[in-house]
Amino acid sequence: MKFTMLENGFDFVLSAVEHLLEVENDDKLSAVEKQKLMKYSILHLSSGIELVFKYRLLQENWTFIFSDMNSAEKKNLEKGDFKSVDSKTLIRRLDNFCDIYFSDKDKRYLEKLRQRRNKIEHYEVADENLYAVESVVNKCLSIFVCFITDHLQRNKFLDEEQILFESIKYSIAKLVEHYDDIIKLVTNEIESKGIGEYVIPCPECEEPFLQCENAIVHCHFCDYTEDSSSAALNYLGGYRAIAQGGEPAQECPECGQDNFVFNEELRKYVCFSCGISYDAVEIDSCQNCGNLVRATVYEKDEEENNPVFCDNCLDNIPNRD
């Protein structure tokens, strides 16, 4: 087996979220089954968060994750043969060495999670209120999401780390408790990639995080992925909606593909094939053939009300000069 520290941490967190999803969504589970699922959710979430925190400390300096930094040796780190920093010291070092501050409330929730994990690992578990346990798990998941959003450089994730991160993101999005957390995370992701002006509402989740690129559309929130033609049809409400008078997708004035759709709410045209978008005022219809065209292709004189033509029709206008 081979896992990076971050990959290992993400794997634990993903497992914790999957167990929590099962508890929240399966009404047929018995009380005993729910308790077992919450047990593993606590164990895996606590281990996962701790590993992700240690990964951030490791990015700052490899000696920081040793319990005794003075005796730290690189060879022991590479073999994984050393005593790592404990949970409380880990939080202090993130503050002192990485300028990552945790509020007293966050520290309290993380400590509650750690205490419950220790009880499960080393002692018997007394009567624990399942809702109280679930609440602590959810609050620590929020801390985890904020930590990823604010303190990790996601463009440096390795392939397997990125795959696990995406799985975590989409799984957490299914938890009602964490809707706002994931909105914040995805918004940060969109902004960091500089694609904010290129995303539109997704036809599946209706969140404004759908990106069109290379004839594939992908939602950064719900993971909806589709080829451009199918997505455009889905976006317009399907064949039935079009048959009942809805506007079909039209030819894109940029790439020529018939996947150019209009978003009424944003007053914007978007091509699901090449990803280009235009405000409604930038698009007009060719007065000759009816195809959509950039209004700037043929300068409009508002006073004279000059018509607009596409390139093909424009070439055939006699004495256009």
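For clarity, every value in this text was computed on a predicted model and none was experimentally measured.

Turning to the sheet that holds strand 1 (residues 199-200), a few remarks are in order. Spatial strand order, 1-2-3-4: 4 strands in an open sheet with antiparallel pairing. This sheet does not close on itself; its edge strands, each paired only once, are strand 1 and strand 4 (225-227). As paired elements, strand 3 (residues 216-219) and strand 4 share 3 bridges and run antiparallel to each other. Among the inter-strand pairings, Ile216 is bridged to a residue of strand 4, identified as Asp227. In this fold helix 9 (residues 228-235) packs onto strand 1, strand 3 and strand 4, with an angle of close to 110° to the strand it touches most, strand 4.

On to the packing of aromatic side chains. Tallied over the entire structure, the rule returns 14 aromatic pairs. Each ring, one from Phe10 and one from Phe157, has its centre 5.6 Å from the other, and the planes form 70°; the classification is edge-to-face. With Phe10 in helix 1 (residues 5-25) and Phe157 in the loop between helix 6 (130-151) and helix 7 (159-173), this pair connects stretches of sequence that are 147 residues apart. Measuring from ring centre to ring centre gives 4.6 Å for Phe262 and Tyr269, while their planes differ by 45°; the resulting arrangement is tilted. The class for Tyr269 is buried, based on a relative accessible area of 15%.

In this section: empty space enclosed by the protein. Across all of its chains, the model carries 1 cavity of 30 Å³ or more by this definition. One number sums up the size of the largest cavity: a volume of about 40 Å³. Along its surface, the largest cavity is lined by Phe144, Val145, Ile148, Phe165, Ile168, Lys169, Ile172 and Leu185. The greatest single-element share of the lining of the largest cavity, amounting to 4 residues, is contributed by helix 7. Tallied by class, residues from the lining of the largest cavity come to 7 nonpolar, no polar and 1 charged.

Moving on: the confidence of the model for the protein. Overall, the predicted model of the protein reaches an average pLDDT of 82, with 88% of residues at or above 70. Within the protein, no element has a lower average pLDDT than helix 10 (residues 238-243), which sits at 57, and none a higher one than helix 4 (residues 87-98), at 93. A low-confidence stretch, residues 297-303 (pLDDT under 50), is modelled with 14 contacts involving residues beyond four sequence positions or located in other chains.

Definitions and limits used
Residues numbered from 1 in each chain as written. Predicted model: local features only at pLDDT ≥ 70, side-chain atom pairs only at ≥ 80, totals over all residues. Heavy atoms only, no water. Pairing = 2+ DSSP bridges. Helix = DSSP H or I, 4+ residues; strand = E, 2+ residues; numbered from the N terminus. Contact = heavy atoms within 4.5 Å. Axes fitted to C-alpha atoms, helices over the stretch in contact; angles between N-to-C directions. Phe/Tyr/Trp six-rings, centres within 6.5 Å; stacked < 30°, edge-to-face > 60°. Buried < 20%, exposed > 50% of the residue type's maximum accessible area, 1.4 Å probe, protein only. 1 Å grid on protein atoms, 1.4 Å probe; cavity = no way out; pocket = protein on both sides within 12 Å on 5 of 7 lines; lining within 4 Å. Points joined across faces, edges and corners; volume = space filled by probe spheres on them. Nonpolar A, V, L, I, M, F, W, Y, C, P; charged D, E, K, R; others polar. pLDDT = per-residue confidence, 0-100.

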